[in-house]
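Listed here are the chains, written in short residue letters.
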Amino acid sequence: MQRQLELLDQYKKSQGTFSDFTATLSVLITTLLGSSGIQVHTVTHRFKSYESLAGKLSRPDKTYDLLTEITDLAGIRITTYFAGDVDRIAKVLEREFQVDPNASVDKRKYIEPERFGYSSLHYVVELSAARTNLSEYSKYQGLKCEIQVRSILQHAWAEIEHDLGYKSAAGVPIDIRRRFARVASLLELADDEFSHIRVTLKEYEATVAAKISQSPTDVSLDLASFRALYEIDSHVERLDQLVLSIGNGRIGSQDDLRADTLVERLHSFGVANIGQLEHIAQREVEAVSAFVALWVEEELGPVSRGIGIFYLLYVLAASTKSKTSIEEYLTKFNIGTDEDRPMLIDKILEFGLSQSGAD
């Protein structure tokens, strides 16, 4: 009992250091993952409360002589979008920190088929000597931190499981245990599927430009195929250049002008594949040129890719020569305010009718 009180007193005096340690480690880990190209959902940190430590020390199955023997006083949780990123993060942690192999455990390896629950990777780490030699990290020498890494689905399971109040399968009725096992299997399958979907998408993105060059009508219009049009000699890219030349603008960012929104709007006009889009972009060059000349009253300045499609969509709306259709398009995609939308509709309709006369 006396040793417990001494440890609690030591911790009470050093809580500020542990608080700073976890916050500093959280920032460091976020930076390291970012520089490694790993996008995560969250990196959260906490340090054990005085009350929580008192409860831990009072357990008869645990005895500690030194505060440094308690490895979970500082804690970091890294939640990934994909289960496959857990191993990538593990490599970063192993490279950048001193990992305690005796206190660390990969619980994913020990899940038995009949056991309910969803486990994750637990590392106990210290800052490396190279870091503690730096003044900003020197005060954290010898401090340990428990780092937990798991996917967002694993995290969801753990949170729900915790909320239900059952930490052991033995306390759960057998029929409920079976249902737990089914849900765990579904989540594991979902984790695997999300990882496979990501790989498939990356493979598609890497090959879609070549597929467009071979047979554009066989390539569906989607975000990846739309962006790929800017990697090849395309009518869509040339439409951008046309708009820039008329409006005295320039591409200020290689980011798309809300490409997902542009694709959705094109779909609303029945444009389903890249061949159709390329045909329309070529066909409507003169109409887009006339519309931009009429519409743009000041210099465009820096704009994003997709500016040509942005104005092409107005031309497609105008080509309906229907006030109702134009209004439905503007309303559906929340273009303009309620106050200025009537004037916008009339202007687009007027342009469409004038083009009809020109034809």
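Refer to the structure printed above.
Each value, and the rule that gives it
- Residues numbered from 1 in each chain as written.
- Predicted model: local features only at pLDDT ≥ 70, side-chain atom pairs only at ≥ 80, totals over all residues.
- Heavy atoms only, no water.
- Phe/Tyr/Trp six-rings, centres within 6.5 Å; stacked < 30°, edge-to-face > 60°.
- Helix = DSSP H or I, 4+ residues; strand = E, 2+ residues; numbered from the N terminus.
- Buried < 20%, exposed > 50% of the residue type's maximum accessible area, 1.4 Å probe, protein only.
- Lys NZ or Arg CZ within 6 Å of the ring centre and 35° of its normal.
- Core = buried A, V, L, I, M, F, W, Y, C linked by side-chain atoms within 4.5 Å.
- Contact = heavy atoms within 4.5 Å.

Draft legend 1. Quick look at the packing of aromatic side chains. Counted according to the given criterion, the structure contains 13 aromatic pairs. Plain terms: the ring middles of F269 and Y329 are 5.1 Å apart, the flat faces sit at 50° to each other, and that makes the pair tilted. Taken as a pair, F269 in the loop between α9 (259–268) and α10 (274–283) and Y329 in helix α13 (residues 323–332) lie far apart in primary sequence, 60 residues in all. Classification of F269 as partly exposed rests on a relative accessible area of 26%. On the basis of relative accessible area, Y329 is assigned to the buried category, the value being 6%. Between F291 and Y314 the ring centres are 5.5 Å apart and the planes differ by 20°, which places this aromatic pair in the stacked class. You can see F291 sitting in helix α11 (residues 285–295) and its partner Y314 sitting in helix α12 (residues 307–318), a full 23 residues away along the chain. Overall, F291 belongs to the buried group, its relative accessible area being 0%. Through a chain of ring-to-ring contacts, the aromatic side chains of F291, W295, F310, Y311, Y314 and F351 assemble into a single cluster. Its guanidinium or amino end placed over the ring of Y50, K12 lies 5.9 Å from that ring's centre, counting from NZ or CZ.

Draft legend 2. Focus on the nonpolar core. Membership of the largest hydrophobic core comes to 50 residues, with the highest contact counts inside it found for F226, L266, L277, I309, Y311, L330 and I348. Of the residues forming this core, the biggest block, 10 residues, is contributed by α12. Not counting chain neighbours up to four residues away, the residues in contact with L277 comprise L221, F226, L229, V236, L266, V271, I309 and L312. Core analysis: the second largest hydrophobic core is formed by 38 residues, L28, I29, L33 and L143 among them.

So far we have only geometry, and geometry alone does not tell us how the molecule works.
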